[in-house]
Amino acid sequence: MRRTNISIPCRGVADVASRDQLRILAGRLLGTSAAASFILLILLVFAWHLGTMGGSQTGPAVDSEYAKLIGQAAGSQPASAIPSPTAVIGRGVELVRDAFDSQGPNGIGIGWHLLHSLGRVLLGYVLAVLVAVPLGFAIGLSPRLYGALNPFIQVLRPISPLAWMPLALYTLKDSAASAIFIIFISSIWPILINTAAGALGVRRDWLNVAKVLGLSPITKLTRIVFPAAVPMIMTGMRISIGVAWFVIVAAEMVVGQNGIGFFIWNEWNNLQIASMIVAVALIGIVGLSLDQALAWAGQRLSFQE
Amino acid sequence: MAFLTLQDISMRFGSRERGFLALDRVSLSVAEGEFVTLIGHSGCGKSTLLNLIAGLMVPSAGRIMCDGRVIDRPGPDRGVVFQNHSLLPWMTCYENVLLGVRQVFGKTLSPAELRDKVEASLSLVHLDHAMAKYPHEISGGMKQRVGIARALAIEPRILLMDEPFGALDALTRASLQDELARIVEATRSTVVMVTHDVDEALLLSDRIVMMTNGPGARIGEIASVALPRPRDRLALATDSEYADCRARLLQFLYLKQRRQAA
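Throughout, a residue's number is its position along its own chain's written sequence, starting from 1. In the order they appear in the text, chains get letters beginning with A and ligands get numbers beginning with 1. With the structure being a predicted model, the display of local features is reserved for residues of pLDDT at least 70 and the display and counting of side-chain atom pairs for 80 or more, all residues being used for whole-chain, interface and lining totals. The side-chain values count all of the structure's non-hydrogen atoms but skip hydrogen atoms and water molecules.

Caption draft 1: The arrangement of the overall build of chain A in detail. Counting from the N terminus, the helices are DSSP H or I runs at least four residues long and the strands are E runs at least two residues long. When its secondary structure is counted, chain A shows twelve helices and zero strands. Shown N-terminal to C-terminal, the secondary structure of chain A runs as helices and strands in the order α-α-α-α-α-α-α-α-α-α-α-α. Looking at chain A as a whole, 35% of its 305 residues qualify as buried. Working rule for contacts: check all heavy atoms of both residues, and any pair within 4.5 Å makes them a contact. When contacts within chain A are restricted to residue pairs at least 6 apart in sequence, long-range pairs at least 24 apart make up 70% of them. For the accessible areas, the method is Shrake-Rupley and the probe is 1.4 Å, while residue cover comes only from the protein chains on display. By element, 68% of the accessible surface of chain A is carried by carbon and sulfur atoms, the whole surface being about 18,200 Å². Burial here depends on accessible area, computed with a 1.4 Å probe over protein chains only, as a share of the maximum for the residue type. Under 20% is buried, over 50% is exposed, and the range in between is partly exposed.

Caption draft 2: The overall build of chain B, seen in detail. Helix and strand content of chain B: eight helices and ten strands. C-alpha atoms define the radius of gyration in this analysis, and the globule rule sets the expected value at 2.2 Å times the number of residues to the power 0.38. Computed over C-alpha atoms, the radius of gyration of chain B comes to 19 Å, within 12% of the 18 Å expected from 2.2 N^0.38 for 262 residues, which places it in the range of a compact globule. Overall, the C-alpha framework of chain B stretches about 55 × 50 × 40 Å when taken along its three principal axes. Look at the contacts in chain B between residues 6 or more apart in sequence, and 69% of them connect residues 24 or more apart. As displayed, chain B offers around 11,900 Å² of accessible surface, 51% of which is attributable to carbon and sulfur atoms.

Caption draft 3: Representation of the pattern of salt bridges. Every case where a carboxyl oxygen of Asp or Glu lies within 4 Å of a side-chain nitrogen of Lys or Arg is listed as a salt bridge. Per the counting criterion, the structure on display carries 22 salt bridges over all chains. Taking the shortest distance from any N to any O, the salt bridge between A:Glu252 and A:Arg120 comes out at 2.6 Å. Taken together, the residues span a long stretch of sequence, with A:Glu252 in helix H10 (residues 217–255) and A:Arg120 in helix H5 (residues 110–141) at a distance of 132 residues. A:Glu252 sits in the buried class, given a relative accessible area of 1%. Accessibility expressed as a relative area gives 13% for A:Arg120, which makes it buried. Salt bridges sharing partners connect three or more residues here, namely B:Glu32, B:Asp67 and B:Arg157.

Caption draft 4: Main features of the sheet that holds strand S9 (residues 207–211) of chain B. All names here are of chain B. Two strands qualify as a pair provided that DSSP identifies no fewer than 2 bridges between them. Read across the open sheet, the six strands follow the order S6-S7-S8-S3-S9-S10; overall the sheet is mixed. Looking at strand neighbours, the two that pair on one side only are strand S6 (78–81) and strand S10 (219–224), the edges of this open sheet. This sheet shows a mean twist of 15° between the axes of neighbouring strands, independent of strand direction. Inspection of the sheet shows S9 paired to S10 by five bridges, in the antiparallel sense. In the strand pairing of S10, Arg207 is matched with Ser224. Axis definition: a line fitted to C-alpha atoms, over the contacting stretch in the case of helices. Angles run 0 to 180 degrees between N-to-C directions.

Caption draft 5: Representation of the sheet that holds strand S5 (residues 69–70) of chain B in the model. All names here are of chain B. Judged by pairing direction, the sheet is antiparallel, and its four strands sit side by side in the order S2-S1-S4-S5 without closing on themselves. Strand pairing shows two members of the sheet lacking a second neighbour, strand S2 (20–31) and S5, which therefore form its edges. Judged from the eight bridges that link them, strand S1 (residues 2–13) and S2 form a sheet pairing that is antiparallel. By the bridge assignment, Met11 is partnered in S2 with Leu23. Each of S1, S2 and strand S4 (61–66) touches helix H1 (residues 46–54); the most contacted strand, S1, lies at about 120° to it.

Caption draft 6: Representation of the packing of aromatic side chains within the structure. Two rings belonging to Phe, Tyr or Trp (six-membered ring only in the last case) form a pair when the distance between their centres is within 6.5 Å. Interplanar angles under 30 degrees mark stacking, angles over 60 mark edge-to-face geometry, and anything in between is tilted. Per the counting criterion, the structure on display carries six aromatic pairs over all chains. Here A:Trp206 and B:Trp90 contribute two aromatic rings whose centre-to-centre distance is 5.0 Å and whose plane-to-plane angle is 85°, an arrangement assigned as edge-to-face. Within this pair, whereas A:Trp206 is found in helix H9 (residues 204–212), its partner B:Trp90 is found in the loop between S6 and helix H2 (93–105), the two belonging to separate chains. The same class applies to A:Trp206 and to B:Trp90, which are both buried. Taken together, the ring pairs in this structure connect A:Trp206, A:Phe303 and B:Trp90 into an aromatic cluster. To sit over a ring, a charge needs its Lys NZ or Arg CZ within 6 Å of the ring centre and within 35 degrees of the ring normal. Positioned above the aromatic ring of A:Tyr170, the side-chain terminus of A:Lys173 is 5.1 Å from the ring centre.

Caption draft 7: Representation of helix H11 (residues 260–269) of chain A. Residue and element names in this part refer to chain A. Counting buried positions along H11 gives seven out of ten residues, so the element sits mostly inside the fold. Taken as a whole, H11 has its buried residues at Ile260, Gly261, Phe262, Phe263, Ile264, Glu267 and Trp268. Two residues or fewer after H11 comes Leu271, characterised by a positive phi angle close to 55°.

Caption draft 8: Representation of H9(A) in the model. If you check which residues of H9(A) are buried, you get A:Trp206, A:Asn208, A:Val209, A:Ala210 and A:Val212. Looking at the buried residues of H9(A), the elements they touch are H10 of chain A together with S6 and helix H4 (140–153) of chain B. Positioned one or two residues after H9(A), A:Gly214 has a phi angle of 65°, which is positive.

Caption draft 9: Highlighting the packing of helix H4 (residues 85–97) of chain A against helix H12 (residues 273–301) of chain A. All names here are of chain A. Running from N to C, H4 and H12 cross one another at 70°; their axes reach a closest spacing of 9 Å. In terms of axis orientation, H4 runs roughly perpendicular to H12. The segment H4 lies against H12, with Ala87, Val88, Arg91, Gly92 and Leu95 engaging Ala274, Ser275, Ile277 and Val278. Oblique is the label for every angle not falling under 35 degrees (roughly parallel), over 145 degrees (roughly antiparallel), or within 65 to 115 degrees (roughly perpendicular).

Caption draft 10: Spatial organisation of the pairing of strand S3 (residues 35–39) of chain B. Residues and elements named next belong to chain B. Here S3 lies mainly inside the structure; five of its five residues are buried. Residues Phe35, Thr37 and Ile39 of S3 are buried on one face, and the alternating residues Val36 and Leu38, pointing to the opposite face, are buried as well. Pairing analysis gives five bridges linking S3 to strand S8 (residues 190–195), with the strands arranged parallel. Looking at the pairing, Phe35 lines up with Val191 of S8.

Caption draft 11: Just the nonpolar core, in detail. Membership of the largest hydrophobic core comes to 102 residues, with the highest contact counts inside it found for A:Ile224, B:Leu4 and B:Val192. Setting aside residues up to four positions removed in sequence, B:Val192 forms contacts with B:Leu4, B:Val30, B:Val36, B:Leu38, B:Leu50, B:Ile53, B:Ile158, B:Leu159, B:Leu160 and B:Met161. As used here, the term nonpolar core means buried Ala, Val, Leu, Ile, Met, Phe, Trp, Tyr and Cys residues forming a set that is joined through side-chain atoms within 4.5 Å. By size, the runner-up hydrophobic cluster in this structure holds 51 residues, among which are B:Val125, B:Ala130, B:Ile138 and B:Cys245.

Caption draft 12: Representation of the environment of A:Trp189 within the structure. All names here are of chain A. Assignment of secondary structure puts Trp189 in helix H8 (residues 175–200). On the accessibility criterion, Trp189 (10% relative accessible area) is buried. The residues contacting Trp189, other than those within four sequence positions of it, are Ile153, Leu156 and Arg157. N or O atoms closer than or at 3.5 Å make up a polar contact, with two conditions inside protein: a donor-capable atom paired with an acceptor-capable one, and, for residues adjacent in sequence, both atoms drawn from side chains. Of note is the side chain of Trp189, whose polar atom sits 2.9 Å from the backbone oxygen of Ile185.

Written out as structure tokens, the structure is:
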């Protein structure tokens, strides 16, 4: 019996014991937060499974929105209850397996759709960066320009990107260009505003260094103001990529012949609910990857203190 | 022959009626090669005075002459060491020093000569080994030494230091004070330093300028420190001249200019 051997009241021993217990407890807690997520996932999938088991026996159910869309014909369509988890996973495996198939304009794989969406997002996003970073700098460094442009920014910024869509289609007369314009106009604001704030908010100490060393305006801009603003610019770019990925799905539902938004809408028209669920999950995963990529880049490019 | 002269400098922040008068008609001359310390309670305007000499601010009245020219903006003839080192975190120590060196000597010297200058000033502060390090990788004392190297590397006519060791622990501060004394001796620099540390002032200065409390701070007294150099902090502890000077400073700071209880 070990316990009896150290039964003399001794603070040191007691402290060590309680610290060990604390560490074990902390370890357990850390273990449980990952485990809890997993258990929660299992529970949710199981609940979903139970829910869909009942649903499939109640016979054909037609979504009222769908009925409105296609009229009386909806009633005669085959069953469209929410598919079971196994059906969705099965469909997911199929979709991923055929992700890069390309058999005709309407039959391309989901991978191609994602790449089309990513292509549009990147094109619009890069254009936004190219415009917003220099303009943001100009605004941040010139109070007069800031004063002049600020009202326009404040009015344009809250406009829903999709509100531009008809106007874009009318003026650009091209659905692909319109989608890219929508991405551009929606992702420009966070970058613009953050860049301006970054350029404006350079620490006074650093600006004093530029002054006492007598740096030329160009050197001051490239060696001090720009590096100092990089963290803010990267924050703006990270917000923007999220917005762009948000918006592309909606834009493609309106104008697409391809892309992940078009895919969802198309599968909805075909009542392929399992495919829709797979696509929704993929959108989440791609969005997360984009965000993490920008977060990583931001960390790499920003200075450390 | 005064190298730096301040003639009736007043500094007012804000408007004439409701503004805050920080400095009220301060006059001072500093000779070439002299080490002058400005000492006073916090808020007495001693940093403002240093910023005026640096050219970071323009006085409301009066004028500052340095080497026969009126000062109205910063210039490479005056090197500044900031209180909080102010190194640029995205540059290595070497690049931080090179930034000013290239600005001042870029047109007249070859890249190799620029590199030599940067390396020489970093080795003057014993940081040869840390040239490729970033500021976040080195200690506070080392950062401040890079700050001193950066200021010295542009070979200014006068070195301005704003509480350069204020943010350091006592032991690091002592070693940097000794190092500064050695560098000043070797480079024969003219220095104006702001401090609120009585012993630091006595160890380093030729003259100590005691400033009255603001608002409307003025020069209260000026003490000449006639201690021979190099000064050894251990020997000074028993020196009678040192003790007299110290007593005078303490009397000024804690009797004549005692802070009102806030």
